[in-house]
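Now for the letters of each chain:
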Amino acid sequence: FQHEATSLDSYYDISAFPVGDDRFVTAFEDITDRREQQRRLELLLDDMDDAVFVHPPDGSFTFVNQAAVERYGYDQDALLAMEPTDLVATEQLQRHANRLRRIQTEGQLVFETNHQTRDGEVFPAEINATYTTFSGEASIVSIIRDVSAREKARANLRALHTIATDIEAADSQA
């Protein structure tokens, strides 16, 4: 049995353990400082422009920041009921399992993929994922950046390069 309770402005983790047929030992741990640090971290993450997701290696999200809510178009409760594969664009699903294994074995992985919003918009995303412990659980923390503007700039540079090459070729033939 384990229960977290609040009283006044303090938080306690209360655990009870049986020590016989009719007896048990109860332990109280003051976790007020830990809860306050977690609250401050969540406020900091909510101020980020990039989406932040936390999830166990094989489960649904345990934390999403406000940028994730805004970018993907789901409310926080809906996102917390989802798994990472629910946001990956269909054509990228086969690569997901391999990337998940690499994150767990290498500890960190940065890669680009396509994600999909609630309304079906597919966008290029850069994922910076780290395998760590979050709130005492093995977790993957992912910072997701929409790189649509970067991809557009790359395409424009490629087009300009093609135009410059064509002009240079025309000048050399003249």
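Scroll up a little and you will see the structure.
Summary of the structure given here. Everything quoted here is computed from the prediction, not taken from an experiment.

### Points about the overall build of the protein
Here is step 1 of the chain: Within the protein one finds 5 helices and 8 strands.
Here is step 2 of the chain: Starting at the N terminus and walking to the C terminus, you meet the elements of the protein as β-β-β-α-β-β-α-α-α-β-β-β-α.
Here is step 3 of the chain: Across the 174 residues in the protein, those meeting the buried criterion constitute 29%.
Here is step 4 of the chain: Residue pairs at least 24 apart in sequence account for 33% of intrachain contacts in the protein once pairs closer than 6 positions are excluded.
Here is step 5 of the chain: Taken as a whole, the protein presents about 11700 Å² of accessible surface, with 50% of it coming from carbon and sulfur.

### With respect to the nonpolar core
Here is step 1 of the chain: Phe53, Val64, Tyr72, Leu79, Leu87 and Ile144 are the most contacted members of the largest nonpolar core, which has 21 residues in total.
Here is step 2 of the chain: In terms of residues, this core owes the most to one element, strand E7 (residues 122-134), which gives 4 residues.
Here is step 3 of the chain: Dropping the residues within four chain positions of it, valine 64 is found in contact with Val52, Phe53, Val69, Gln76, Leu79 and Leu80.

### Thoughts on the environment of alanine 51
Here is step 1 of the chain: As for its placement among the helices and strands, alanine 51 is situated in strand E4 (residues 51-55).
Here is step 2 of the chain: Taking relative accessible area as the criterion, alanine 51 reaches 4% and is therefore assigned buried.
Here is step 3 of the chain: When sequence neighbours within four positions are dropped, the list of residues in contact with alanine 51 reads Asn65, Ala67, Ala68, Tyr72, Ser142, Ile143 and Ile144.

### Description of the pairing of strand E2 (residues 10-18)
Here is step 1 of the chain: Sheet topology places E2 next to strand E3 (residues 24-30); 7 bridges connect them, and they run antiparallel. For proline 18, the partnering residue across the bridge sits in E3 and is phenylalanine 24.

### Topic: the sheet that holds strand E6 (residues 108-116)
Here is step 1 of the chain: Read across the sheet, 5 strands follow the order E5-E4-E8-E7-E6 without closing on themselves; strand pairing throughout is antiparallel. Looking at the sheet topology across the chains shown, the edges are occupied by strand E5 (63-64) and E6.
Here is step 2 of the chain: Two strands pair when backbone bridges link them, and E6 and E7 are joined in this way by 9 bridges, in the antiparallel orientation. Within the sheet, the bridge partner assigned to asparagine 114 lies in E7 and is proline 124.
Here is step 3 of the chain: Sheet strands touched by helix H4 (residues 93-106): E6, E7 and strand E8 (137-146). Its angle to E6, the strand with the most contacts, is close to 155°.
Here is step 4 of the chain: Packing of helix H5 (residues 148-173) onto the sheet brings it into contact with E6, E7 and E8, and relative to E7 it is tilted by some 130°.

### Quick notes on empty space enclosed by the protein
Here is step 1 of the chain: All chains considered together, the criterion is met by 1 cavity of 30 Å³ or more.
Here is step 2 of the chain: The computed volume of the largest cavity comes to approximately 230 Å³.
Here is step 3 of the chain: Elements with a minimum of two residues in the lining of the largest cavity: E4, H4, E6, E7 and E8.
Here is step 4 of the chain: When grouped by side-chain class, the residues that make up the lining of the largest cavity number 12 nonpolar, 6 polar and 1 charged.

### As for the pattern of salt bridges
Here is step 1 of the chain: Across all of its chains, the model carries 4 salt bridges by this definition.
Here is step 2 of the chain: With a shortest N-O distance of 2.6 Å, arginine 145 and aspartate 50 are connected by a salt bridge. With arginine 145 in strand E8 and aspartate 50 in the loop between helix H1 (32-46) and E4, this pair connects stretches of sequence that are 95 residues apart.
Here is step 3 of the chain: The exposure class assigned to arginine 145 is partly exposed, which follows from its relative accessible area of 38%.

Thresholds, definitions, all that
Counting of residues starts from 1 at the beginning of each chain's written sequence and follows it residue by residue. In keeping with the predicted nature of the model, local features appear solely for residues at pLDDT of at least 70, side-chain atom pairs appear and are counted solely at 80 or more, and the whole-chain, interface and lining totals rest on all residues. Where side-chain values are given, they derive from all heavy atoms of the structure, hydrogens and water being excluded. Helix numbering and strand numbering both begin at the N terminus, where a helix is a DSSP run of H or I of at least 4 residues and a strand a DSSP run of E of at least 2. Burial classes: relative accessible area under 20% of the type maximum marks a residue as buried, over 50% as exposed, and values in between as partly exposed (1.4 Å probe, protein chains only). Note on contacts: a residue pair qualifies if any of its non-hydrogen atoms lie within 4.5 Å across the two residues. Working definition of accessibility: Shrake-Rupley area with a 1.4 Å probe, residue cover restricted to the visible protein chains. Here, nonpolar core refers to any group of buried Ala, Val, Leu, Ile, Met, Phe, Trp, Tyr and Cys residues whose side-chain atoms link them within 4.5 Å. When DSSP locates at least two bridges between a pair of strands, those strands are taken to pair. To define axes, lines are fitted to C-alpha atoms, for helices over the stretch in contact only, and angles between the resulting N-to-C directions are given on a 0 to 180 degree scale. Grid spacing is 1 Å over the protein atoms alone, the probe is 1.4 Å, and a cavity is where that probe fits but cannot get out, while a pocket is an open set with protein on both sides within 12 Å along at least five of seven lines and lining residues have an atom within 4 Å of a point. Grid points are joined across faces, edges and corners, and a volume is the space filled by probe spheres set on the points. Throughout this entry, Asp, Glu, Lys and Arg are counted as charged residues, while Ala, Val, Leu, Ile, Met, Phe, Trp, Tyr, Cys and Pro are counted as nonpolar. The remaining residues, Gly among them, count as polar. Take a side-chain nitrogen of Lys or Arg and a carboxyl oxygen of Asp or Glu: if they are within 4 Å of each other, that pair is a salt bridge.

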